[in-house]
Amino acid sequence: QEINIEGEEGDDIKDAPLSSSPSSSPPSSSRNLIPVIYQSFPHLRFIRVGLLHVEITCGAKHGSLSLSSSASSSSSTPPPQTPYVTLAIKNGRVMSGSNVASLSLLSQDRSRSFCLRATLHGEKYPTRNKGEDGKHNVNYHRADAGGNADERRTLLDSALEQYGVDPRELNDDDGKVASSSLGNPAIKAYMSFIYPKPNTAMHVHSLKKHAQLIAAQVMMLNREHNARQAEYLRNIDNAQRQVTKRHELVVVLDNVRSAFNVGQIFRTAEAAALQEVVTCGITPHPPHPQINKTALGAEEYVPTRHFTSTKKALEYLRSQGYYIIGMETTARSGVYSKVNYPQPTALIVGNEVSGICTEVMDKCDELVEIPCFGVKNSLNVAAAVATNVFEVVRQWNDKVADDS
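Residues numbered from 1 in each chain as written. Predicted model: local features only at pLDDT ≥ 70, side-chain atom pairs only at ≥ 80, totals over all residues. Heavy atoms only, no water.

This structure, assessed with the given rule, holds 5 salt bridges. One salt bridge connects Arg394 with Glu391, and the closest N-O pair in it is separated by 2.8 Å. Of this pair, Arg394 and Glu391 both sit in helix α10 (residues 381-403), separated by 3 residues, roughly a single helical turn. For the salt bridge of Asp398 with Arg394, the shortest nitrogen-to-oxygen distance reads 2.8 Å. With Asp398 and Arg394 both in helix α10 and 4 residues apart, the pair spans about one turn of that helix. Take Asp398: its relative accessible area is 34%, and that puts it in the partly exposed class. The partly exposed category is assigned to Arg394, whose relative accessible area is 40%. If you follow the salt bridges from partner to partner, you end up with Glu391, Arg394 and Asp398 in one network. (Salt bridge = Lys/Arg side-chain N within 4 Å of Asp/Glu carboxyl O. Helix = DSSP H or I, 4+ residues; strand = E, 2+ residues; numbered from the N terminus. Buried < 20%, exposed > 50% of the residue type's maximum accessible area, 1.4 Å probe, protein only.)

See below:
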């Protein structure tokens, strides 16, 4: 594989004069090649034993390779400099003899570019968890190096029972994977806890607490597996479905503070096939990582635009013929389910604390509220939007059904 080392200028490359160089010679720069080699050969870490040959093919007159090891770092003898070098690979590490190697590219001119050719020959680790046919063997167990597999199984089974999961769904009385659970990703988590890698087992301080965490993971993976097996469930998005007609309903967000609430509103807007979501002022708007987290990608399917002020958004919507309704708890508000919503309509919701701006409320054609019967005066803004939006959609769809 060809490796290009571009020349650099300035202080990015640290000067590393050779100890054997005369004081009168120009200073040389040193560039560590080991990270470059690992980046060029990602699978090198999986080589059990092999050889790596590196040579300078372009710029050899101006540079050389310097090979050293961890054992020779303290030696006063300078490492040899050559245009090519052959390194040993042992257990995924670049070696020089029996020590870890350090390979540097030395150059008298830091702005000089070099071209290197690296050739890797080696044998990968044997894949023990695959059968003779090359397929993954679900019943593969690591050796019980710690000698506490029975203790681990008992703790994990007890924790699973607390979550309502029958351990017999995952393994039979002989400790083997139950035939009904083949293909269940929960099996891997279950078996990896009982038969952990040695270095993983060493870092677990409390086995009981770790069993609780793994049990929760196994429980969720098992639920997802069972849901995929249930053909009657419709809990998977239909990515091929195209929205051919949108409801003439727009949701306007007047300085809503939380990006998570905005994401939930986008999720509602996509599910109800709304015309648009309009964000105003400080309201977060796509693209935004927190919106994506709660919307689960729904914001990519909903038309949206942003206005610096809500007043400008209302002026635009009114010019497009929208009937503007504010969702706010006031003495002038009507019950949301008893209001007739004309088409097109724009629903405005406000900040989580202060609600809709009073100047904006004065510009609304009508105000509605959702009756609450507890101590709290109102619902969360995202919950309120979902409630009101689907009431509007219900009324319009019922009217279409009655007309037909």
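Before going further, it helps to spend a moment on the side chain of Glu328. Within the secondary structure, Glu328 sits in the loop between β13 (323-327) and β14 (334-335). Buried charge Glu328 goes without a salt bridge, the closest partner of opposite sign being Arg332 at 10 Å. In terms of polar contacts, Glu328 uses its side chain to reach the backbone amide nitrogen of Ile356, at 2.8 Å. When residues no more than four places from it in sequence are discounted, the contact partners of Glu328 are Ser333, Gly355, Ile356, Met361, Val368 and Glu369. (Lys, Arg positive; Asp, Glu negative; His and termini not counted. Polar contact = N/O pair within 3.5 Å; in protein donor to acceptor, adjacent residues only side chain to side chain. Contact = heavy atoms within 4.5 Å.)

Moving on to the sheet that holds strand β10 (residues 247-254). Spatially, β12-β11-β10-β15-β13-β16-β14 is the arrangement adopted by the 7 strands of the open sheet, whose pairing is parallel. Two strands lie at the open edges of the sheet, namely β12 (304-307) and β14, each paired on one side alone. As paired elements, β10 and strand β11 (residues 274-280) share 6 bridges and run parallel to each other. Following the sheet pairing, Leu253 is matched in β11 by Thr279. (Pairing = 2+ DSSP bridges.)

In this section: helix α2 (residues 149-162). Its 14 residues give α2 an end-to-end C-alpha distance of 20 Å, which sits within 8% of 20 Å, the value for a rise of 1.5 Å per residue. Considered for burial, the residues of α2 that qualify are Ala149, Arg152, Arg153, Leu156, Asp157, Ala159 and Leu160. Seen from one end, α2 has its buried residues packed into an arc of 165 degrees, which puts them on one side. Exposed residues on α2 whose side chains face more than 90 degrees from its buried face are Asp150, Thr154, Glu161 and Gln162. With its phi angle positive at about 80 degrees, Gly164 sits one or two positions after the end of α2. (Expected span 1.5 Å × (residues − 1). Arc of directions from axis to C-beta.)

Before going further, it helps to spend a moment on the packing of aromatic side chains. Applying the stated criterion across every chain yields a total of 1 aromatic pair. Both rings, one in Phe307 and one in Tyr316, keep their centres 5.9 Å apart while their planes meet at 35 degrees; by these two values the pair is tilted. When the ring centre of Phe193 is taken as origin, the NZ or CZ atom of Arg152, which lies over that ring, is 5.0 Å away. (Phe/Tyr/Trp six-rings, centres within 6.5 Å; stacked < 30°, edge-to-face > 60°. Lys NZ or Arg CZ within 6 Å of the ring centre and 35° of its normal.)

Topologically, Gln320 is positioned in the loop between α8 (310-319) and β13. For the pair Gln320 and Pro344, spaced 24 residues apart in sequence, the C-alpha separation works out to 9.0 Å.

With 33 residues, the main nonpolar core has Leu253, Tyr341, Leu347 and Val389 as its most contacted residues. For this core, the secondary structure elements donating two or more residues are β10, α6 (259-271), β11, α7 (289-295), β13, β15 (345-349) and α10. Take this core: its biggest share by element is 8 residues, from α10. (Core = buried A, V, L, I, M, F, W, Y, C linked by side-chain atoms within 4.5 Å.)

The contact between helix α3 (residues 186-194) and helix α5 (residues 207-229) brings their axes to 8 Å, and the two run at 165 degrees. With respect to α5, the element α3 is oriented roughly antiparallel. Remark: the crossing between α3 and α5 carries left-handed chirality. Where α3 approaches α5, its residues Ala186, Ala189, Tyr190 and Phe193 are matched on the opposing element by Leu207, His210, Ala211, Ile214, Gln217, Val218, Leu221 and Asn222. When grouped by side-chain class, the residues that make up the contact of α3 with α5 number 9 nonpolar, 3 polar and no charged. (Axes fitted to C-alpha atoms, helices over the stretch in contact; angles between N-to-C directions. Parallel < 35°, antiparallel > 145°, perpendicular 65-115°, else oblique. Left-handed = near helix turned anticlockwise from the far one by under 90°. Nonpolar A, V, L, I, M, F, W, Y, C, P; charged D, E, K, R; others polar.)

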